[in-house]
Amino acid sequence: MLAHNVAQLTLGGGFALFLALVTAGAAKGLIGVGTPIVAMPLVSHIIDLPAAVALLSIPLVLSNLRQAVEGGGTVTALRQLAPLLLGFCVGVVIGVKVLMSFDDAWLKPLVGAALLLAGLTVLSKPDLTLSPAGERVVAPIAGALGGVFGGIAALSGPIVYVYLLATSRDKNLFVKHASLYLVFASAMLLLVMSSYALLSLADAGISLMSVLPVMVGMALGTRIRPHVPIKVFRLLILLVVLASAAGLIVAPLLRPLA
């Protein structure tokens, strides 16, 4: 699937794919998240949606691994995220089955509309917080929704980012929790896709090679992040979510013009 899509790319298409991955990596380095939500609208203009999901599967695991374990407290963080992760396990199976069953011209606007709603909810109330009781209720629901959108379009993060923004006021803790979640979510997505024969050995090799441009972009973004204030940091995350949503909604409309 992925190998077939890449084999059909022109030189210009291959370069565009490389730039899309570098850009996504830069967003990841700058705000701690953003690889799939920046990459997916860009990459899905170049290759089809199932191939784009396969392409991002390995970079999403490896690009988040360092941030997930740095700073200590990883076991404690995993305990805090457990309800979220359990919800994701259920949602991702549903999402991958939907990906196999529907045309991406229908799926992209659906995912984009959900992301847009989530982003606008937080934008309208930027100081949104949850009580401990509220966290216990919302966490598995947010995880399940993240799993569904992860299976459909490798967008496991945005719905969960909204939840994490409502439960964390420290940007470094946000980055750690988001990275831990994404390592788990991406590994689960890789496992589920492989079990449904949506990822061949050749596809995995191409996905592994795509780690390089993502890492190049991350190095650029990481240099800038220490100088970004927390309010600007939160705003950047929300803007990335909203831009990704808009890109997914508009993409099927632009395809007939190509």
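This text goes with the structure placed above it.
Residues numbered from 1 in each chain as written. Predicted model: local features only at pLDDT ≥ 70, side-chain atom pairs only at ≥ 80, totals over all residues. Heavy atoms only, no water.

Description of the nonpolar core
Consideration 1: Met40, Val43 and Tyr181 are the most contacted members of the largest nonpolar core, which totals 61 residues.
Consideration 2: The dominant element in this core, judged by the number of residues it contributes, is helix α9 (residues 171-195), at 12 residues.
Consideration 3: Residue contacts for tyrosine 181: discarding those within four places in its chain leaves Leu81, Leu84, Leu85, Phe88, Gly146, Gly147, Ser156, Gly157 and Val160. (Core = buried A, V, L, I, M, F, W, Y, C linked by side-chain atoms within 4.5 Å. Buried < 20%, exposed > 50% of the residue type's maximum accessible area, 1.4 Å probe, protein only. Helix = DSSP H or I, 4+ residues; strand = E, 2+ residues; numbered from the N terminus. Contact = heavy atoms within 4.5 Å.)

A closer look at helix α7 (residues 132-153)
Consideration 1: With 22 residues, α7 extends 31 Å between its outermost C-alpha atoms, agreeing within 8% with the 32 Å of an ideal straight helix rising 1.5 Å per residue.
Consideration 2: At valine 138, α7 is deflected by roughly 35°, the largest bend along its length, and proline proline 140 occurs up to four residues later in sequence.
Consideration 3: Of all the residues in α7, the buried ones are Gly134, Ala139, Ala142, Gly143, Gly146, Gly147, Phe149, Gly150, Gly151, Ile152 and Ala153.
Consideration 4: Just downstream of α7, alanine 154 is the residue with a positive phi angle, here 55°. (Expected span 1.5 Å × (residues − 1). Bend = angle between axes of the 7 residues up to and from the residue.)

Details of the environment of alanine 185
Consideration 1: Inspection of the secondary structure assignment puts alanine 185 in helix α9.
Consideration 2: Its relative accessible area of 0% is what places alanine 185 among the buried residues.
Consideration 3: With 125 residues separating them along the chain, alanine 185 and leucine 60 place their C-alpha atoms 8.8 Å apart.
Consideration 4: Excluding its chain neighbours within four sequence positions, the residues that come into contact with alanine 185 are Phe88 and Ser156.

Quick notes on the packing of helix α5 (residues 74-101) against α7
Consideration 1: The contact between α5 and α7 brings their axes to 6 Å, and the two run at 30°. As judged from the angle between their axes, α5 and α7 are roughly parallel. As for the relative orientation of α5 and α7, their crossing is right-handed in sense. Contacts from Pro83, Leu84, Gly87, Phe88, Gly91, Val92, Ile94, Gly95, Val96, Val98 and Leu99 in α5 reach Ala139, Pro140, Ala142, Gly143, Ala144, Gly146, Gly147, Val148, Gly151 and Ile152 in α7.
Consideration 2: Of the residues that constitute the contact of α5 with α7, the class distribution is 14 nonpolar, seven polar and no charged. (Axes fitted to C-alpha atoms, helices over the stretch in contact; angles between N-to-C directions. Parallel < 35°, antiparallel > 145°, perpendicular 65-115°, else oblique. Left-handed = near helix turned anticlockwise from the far one by under 90°. Nonpolar A, V, L, I, M, F, W, Y, C, P; charged D, E, K, R; others polar.)

Concerning a nonpolar patch on the surface
Consideration 1: Residues Leu62, Leu65, Leu208 and Met215 make up a contiguous nonpolar surface patch of roughly 320 Å² in combined accessible area.
Consideration 2: Looking at the element boundaries, leucine 208 is found in helix α10 (residues 201-209). (Patch = residues over 30% accessible without salt bridge, like charges linked within 9 Å, V, L, I, M, F, W, Y side chains within 5 Å. Areas by Shrake-Rupley, 256 points an atom, 1.4 Å probe, with all protein chains shown as cover. Salt bridge = Lys/Arg side-chain N within 4 Å of Asp/Glu carboxyl O.)

Some words on the environment of tyrosine 161
Consideration 1: Structurally, tyrosine 161 can be placed in helix α8 (residues 158-167).
Consideration 2: According to the relative accessible area criterion, tyrosine 161 is buried, its value standing at 1%.
Consideration 3: Along the sequence, tyrosine 161 and tyrosine 181 sit 20 residues apart, while their C-alpha atoms lie 9.9 Å from each other.

Things to note about the packing of α7 against α8
Consideration 1: Interaxial distance between α7 and α8 falls to 8 Å at its minimum, and their mutual angle equals 155°. When the interaxial angle is binned, α7 and α8 end up roughly antiparallel. Contact residues: α7 offers Glu135, Val138, Ala139, Ala142, Leu145, Gly146 and Phe149, while α8 offers Ile159, Val160, Tyr163 and Thr167.
Consideration 2: Looking at the contact of α7 with α8 residue by residue, the classes come out as eight nonpolar, two polar and one charged.

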